[in-house]
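Now for the letters of each chain:
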Amino acid sequence: MPANNGRELTLAQAVREALAEEMRRDSRVFILGEDIAEAGHPFKVLTGLVEEFGAERVLDTPISEAGFTGVAVGAAMTGLRPVVDIMFGDFVTLIMDQMVNQAAKVHYMSGGKWRVPMVLRTTLGATRRSAAQHSQSLHAWFCHIPGLKVVLPSTPYDAKGLLKTAIRDENPVAFFEDKMMYRLKGPVPEEEYTIPLGAADIKREGTDITIVATSSMVQVALGAAKLLEEAAISAEVIDPRTLWPLDEKTLINSARKTSRVIVMDEGYGRYGVAAEIASVISEGAFFDLEAPVKRLGAMHVPIPFSPPLEDATVPTEQSVFEAARAMCG
Amino acid sequence: MATAVDPSQLDSQTGNERWLRMYRRMFTIRTFEEQVNDLYTRALMPGLAHLYIGEEAVAVGICEALAPDDYITSTHRGHGHCLAKGAAPDRMFAELLGKEAGYCKGKGGSMHIADPATGNLGANAIVGGSAGIATGAAFTAKRLKTGQVSVCFFGEGALGQGSLYEVMNMASLWKLPVIYVCENNLYNEYTHYSEVTAGDILARGTAFGLAGESVDGQDVRAVHAAARKLVARARAGEGPAMLLANTYRYYGHHVGDVSRDYYRSKQEEQQWKAERDPIQILSDWLCGQKIADRARLDEIQAEVKAQIDQAVEFATRSRYPNVDQVEQDVYAGE
Ligand SMILES: Cc1ncc(C[n+]2csc(CCOP(=O)(O)OP(=O)(O)O)c2C)c(N)n1
């Protein structure tokens, strides 16, 4: 990380700064979505962009997710660099044909002739008391599809550097932001930087157990690691940062070193991201493991509204702590 | 190669050349498709194909009104659109046979022919799936002020897809240079469109403020005249349009659909072929106007047949892609 002179941004500010910098740098970049111009998006992530770049490049669309995602695919193929804003991650259900059958396949089906350099930005994460249709983490769906890349930042620094790289990528990239982390602050240097896709980041070094965590789960893992430290267990926390491409080597190396692994991801646990990563680690580090790799994800229920019910559906510092202690016991 | 049409030239000598070129293109599509059917029947072609025979005037009349760098998107029934936009039959056949020399290195096949060199954004096997792409291409053309126009071909079956109306709405709001061409060949696969299509088809476009036009899709001159008007309008920044072309497919939904009695009669098929054949209608007109005589048209037919034979020969002789290519082209730039 470059020297940062103490500057801190929220994750929302980091995302906005990445977009603004890329839009200044490349006139082909534009954003489209619902309520993003004067309104700056319901989460206020995009406030101020329309003032600088105008309504042509910060484009308010009708509430037509499939339609405007399709427009973005065509615009990307013909020379622009769209950044699609899908207000809530739950609404990706409406754009799956455009992402899965169009954006992801155009390059391959055309024998490598057409390209789709676009970014899909959307949210994930529960515990905002938003109930079953505004709380899901559906990023695993995109990981399943060849032709797409999938990015899940967990800090303002990562969000900015990864989003800039995603916008410059020649392929469709799905970029998921945890809506509960928009106000999370962290160091972001003034000077320009980018972060390559496919490079995991060790958020905390440790020797006894590896906790692989994505997006919203990274803070939970770091909290659990502190609790574990008090119990004399040294936890290493790794954030893959991009689920595809996946930095398998860093994950496997850490597993070999610590010999115990928990994988956390806020998507549904069943058939999920944690399962895939657990499998990668089991295959790559099997003979160095002291215990089966443990998966922790959202419970397999529609996200309930009532706060005590909702809170029970996602892993917590305490639940990770207990799982880790049991594995190290 | 198709070029933008200057209407004043249509009755002149160059105009006559243009009609003959359209005749040649229509006959090329028909002969191409007959060969596809033949390859399928002789078990030389993997998979299936959806033939465009009977509908040739639509693709040809429209693409003749387009410049080489104008965009099209096509459908599962796409061979005609691709050829009309300038694709070469030999590389088309190679693609249909899954050969490396094909437009998509054999990775796309019959339903996914794409070719940047002729402005072909790709044929699409998701019914209605390319409406967004065509609209996005028009969005780019407007943003970058390139003067290009984008044409979205789709069958009337795609009228059932909601995303079509989403993009029509945006195209109208943003005055995009896109033309939605609905080819109504009466059947969504094996179901007559009237069983599944309520209300007025063209009104679905005009409700959004699109210019609407309906033409006899068997008459290439009518199709071309309508296309010229709508293309000029779009190019001048006057916004999107919907063109409804009424047409008919002679063969089955795909090459394997040979027993069609349960959804349409032989008599109906016979009647369209006898009375509404687009190539016959154009040749009658060409001869009537003394633009060409029968001998000239026979000459064109012979040339086309020879070209198609060579193209099939080329594709048959071409090699399959090496298996190590299976993982190439998943991601761009790697
Ligand atoms: C989204 C989707 N649904 C169903 C199909 C299967 N299917 C392929 S072609 C077709 C009929 C299309 O009819 P139409 O759009 O009128 O085109 P035509 O075949 O008549 O040219 C159907 C249902 C598909 N390819 N895509």
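Model, not experiment: these values are computed from the prediction. (Residues numbered from 1 in each chain as written. Chains lettered and ligands numbered in written order. Predicted model: local features only at pLDDT ≥ 70, side-chain atom pairs only at ≥ 80, totals over all residues. Heavy atoms only, no water.)

*Asks:* Even after reading the chapter, I still don't get the domain arrangement of chain A, so can you show me in this structure?
*Replies:* Quite often, the size of an interface is put as the accessible area lost when its parts meet. Residue and element names in this part refer to chain A. Here the domain parsing of chain A yields domain 1 (8-187) and domain 2 (201-327). For domain 1 and domain 2, the distance between their C-alpha centroids amounts to 26 Å. Contact with domain 1, which involves 28 residues of that partner, is made by 25 residues of domain 2. Carbon and sulfur atoms make up 59% of the surface buried where domain 1 meets domain 2, a total of about 2,100 Å² over both sides. When residues of domain 1 are sorted by the area they lose upon contact with domain 2, Arg129, Leu152 and Ser154 head the list and together hold 26% of the total. At the junction of domain 1 and domain 2, the tally comes to four salt bridges. Element by element, the count of residues in the side of domain 1 that touches domain 2 is highest for strand 6 (residues 149-151), at three residues. Tallied by class, residues from the side of domain 1 that touches domain 2 come to 15 nonpolar, eight polar and five charged. (Domains from an automatic or database assignment. Contact = heavy atoms within 4.5 Å. Buried area = accessible area lost by both parts, 1.4 Å probe. Salt bridge = Lys/Arg side-chain N within 4 Å of Asp/Glu carboxyl O. Helix = DSSP H or I, 4+ residues; strand = E, 2+ residues; numbered from the N terminus. Nonpolar A, V, L, I, M, F, W, Y, C, P; charged D, E, K, R; others polar.)

*Asks:* Looking at this model, I keep getting lost on the packing of helix 3 (residues 65-77) of chain A against helix 6 (residues 162-173) of chain B. Mind explaining?
*Replies:* Geometry of a packed helix pair, given as the angle between the helix axes and the separation of the axes. At their nearest, the axes of helix 3 of chain A and helix 6 of chain B sit 8 Å apart, and the two run at 65° to each other. In terms of orientation, helix 3 of chain A and helix 6 of chain B fall into the roughly perpendicular class. Of the two elements, helix 3 of chain A crosses helix 6 of chain B, and the hand of that crossing is right-handed. Here Glu65, Ala66, Gly67, Phe68 and Val71 of chain A of helix 3 of chain A come into contact with helix 6 of chain B, specifically with Ser163, Glu166, Val167 and Met170 of chain B. Across the contact of helix 3 of chain A with helix 6 of chain B, the residue classes tally to five nonpolar, two polar and two charged. (Axes fitted to C-alpha atoms, helices over the stretch in contact; angles between N-to-C directions. Parallel < 35°, antiparallel > 145°, perpendicular 65-115°, else oblique. Left-handed = near helix turned anticlockwise from the far one by under 90°.)

*Asks:* Could you clarify how one ought to interpret empty space enclosed by the protein in this entry?
*Replies:* Think of a ball as big as a water molecule: rolled over the atoms, this probe shows where empty space is left. Counted according to the given criterion, the structure contains four cavities of 30 Å³ or more. Along the walls of the largest cavity sit Gln102, Val106, Met109, Ser110 and Trp114 of chain A together with His112, Ala114, Leu121, Gly122, Ala123, Asn124 and Ile133 of chain B, which together make up its complete lining. Counting residues per element, the ones that place at least two in the lining of the largest cavity are helix 5 (106-109) of chain A together with strand 2 (120-124) of chain B. The leading source of residues in the lining of the largest cavity is strand 2 of chain B, at four residues. (1 Å grid on protein atoms, 1.4 Å probe; cavity = no way out; pocket = protein on both sides within 12 Å on 5 of 7 lines; lining within 4 Å. Points joined across faces, edges and corners; volume = space filled by probe spheres on them.)

*Asks:* How do you make sense of the layout of surface pockets when you look at a structure like this?
*Replies:* Counted as a void, the largest pocket has a volume near 460 Å³. Around the largest pocket, the lining comprises 19 residues; the ones closest to its centre are Ala140, Cys143, Tyr271, Gly272 and Val273 of chain A. Secondary structure elements with two or more residues in the lining of the largest pocket: helix 6 (140-143), strand 12 (242-244), strand 13 (261-268) and helix 10 (273-285) of chain A. Each residue belonging to the lining of the largest pocket can be placed in one class, and the counts come to twelve nonpolar, four polar and three charged. Shared between two domains, the lining of the largest pocket holds at least three residues of each, these being domain 1 (8-187) and domain 2 (201-327) of chain A. Estimates place the volume of the second largest pocket at around 350 Å³. Along its surface, the second largest pocket is lined by 27 residues, and His76, Val127, Gly155, Gly157 and His253 of chain B are the ones closest to its centre. Mapped by element, the contributors of at least two residues to the lining of the second largest pocket are strand 1 (71-75), strand 3 (150-155) and strand 5 (187-188) of chain B. Here the element with the most residues in the lining of the second largest pocket is strand 3 of chain B; it accounts for four residues. When its residues are assigned to classes, the lining of the second largest pocket shows nine nonpolar, 13 polar and five charged.

*Asks:* How do you make sense of the nonpolar core when you look at a structure like this?
*Replies:* Within soluble globular proteins, side chains that are nonpolar generally end up buried alongside one another. The biggest cluster of nonpolar side chains holds 122 residues, and the ones touching the most others in it are Phe142 of chain A together with Tyr180 of chain B. Ranked by residues supplied to this core, first place goes to helix 1 (residues 11-25) of chain A with eight residues. Phe27, Ala94, Val149 and Val151 of chain B belong to the second-largest nonpolar core, a separate cluster that totals 66 residues. (Core = buried A, V, L, I, M, F, W, Y, C linked by side-chain atoms within 4.5 Å. Buried < 20%, exposed > 50% of the residue type's maximum accessible area, 1.4 Å probe, protein only.)

*Asks:* Explain the sheet that holds strand 7 (residues 173-178) of chain A here, please?
*Replies:* Residues and elements named next belong to chain A. Judged by pairing direction, the sheet is mixed, and its seven strands sit side by side in the order 3-2-4-5-7-6-12 without closing on themselves. Each edge of the sheet is formed by a strand with only one pairing partner; in this case those strands are strand 3 (58-60) and strand 12. Direction aside, neighbouring strands of the sheet carry axes that sit 20° apart on average. Relative to strand 7, strand 5 (residues 119-124) runs parallel, the two being bridged by six bridges. (Pairing = 2+ DSSP bridges.)

*Asks:* Can you walk me through the interface of chain B and chain A in this structure?
*Replies:* Chain B puts 40 residues into the contact, and the matching count from chain A is 42 residues. Interface area for chain B against chain A, summed over the two sides, is near 3,300 Å², with a carbon-plus-sulfur share of 64%. For the chain B face of the interface with chain A, the top three residues by lost area are Arg143, Tyr331 and Ala332 of chain B, together amounting to 20%. Run the count over chain B and chain A and you get two salt bridges. Across the salt bridge formed by Glu334 of chain B and Lys149 of chain A, the nearest N and O atoms sit 2.8 Å from each other. Our count for the contact surface shared by chain B and chain A stands at 15 residue pairs in polar contact (both at pLDDT 80 or more). Looking at the side of chain B that touches chain A, the elements with two or more residues in it are strand 2, helix 5 (131-143) and helix 6 of chain B. No other element matches the eight residues that helix 5 of chain B contributes to the side of chain B that touches chain A. Its residues placed into classes, the side of chain B that touches chain A shows 19 nonpolar, 13 polar and eight charged. (Polar contact = N/O pair within 3.5 Å; in protein donor to acceptor, adjacent residues only side chain to side chain.)

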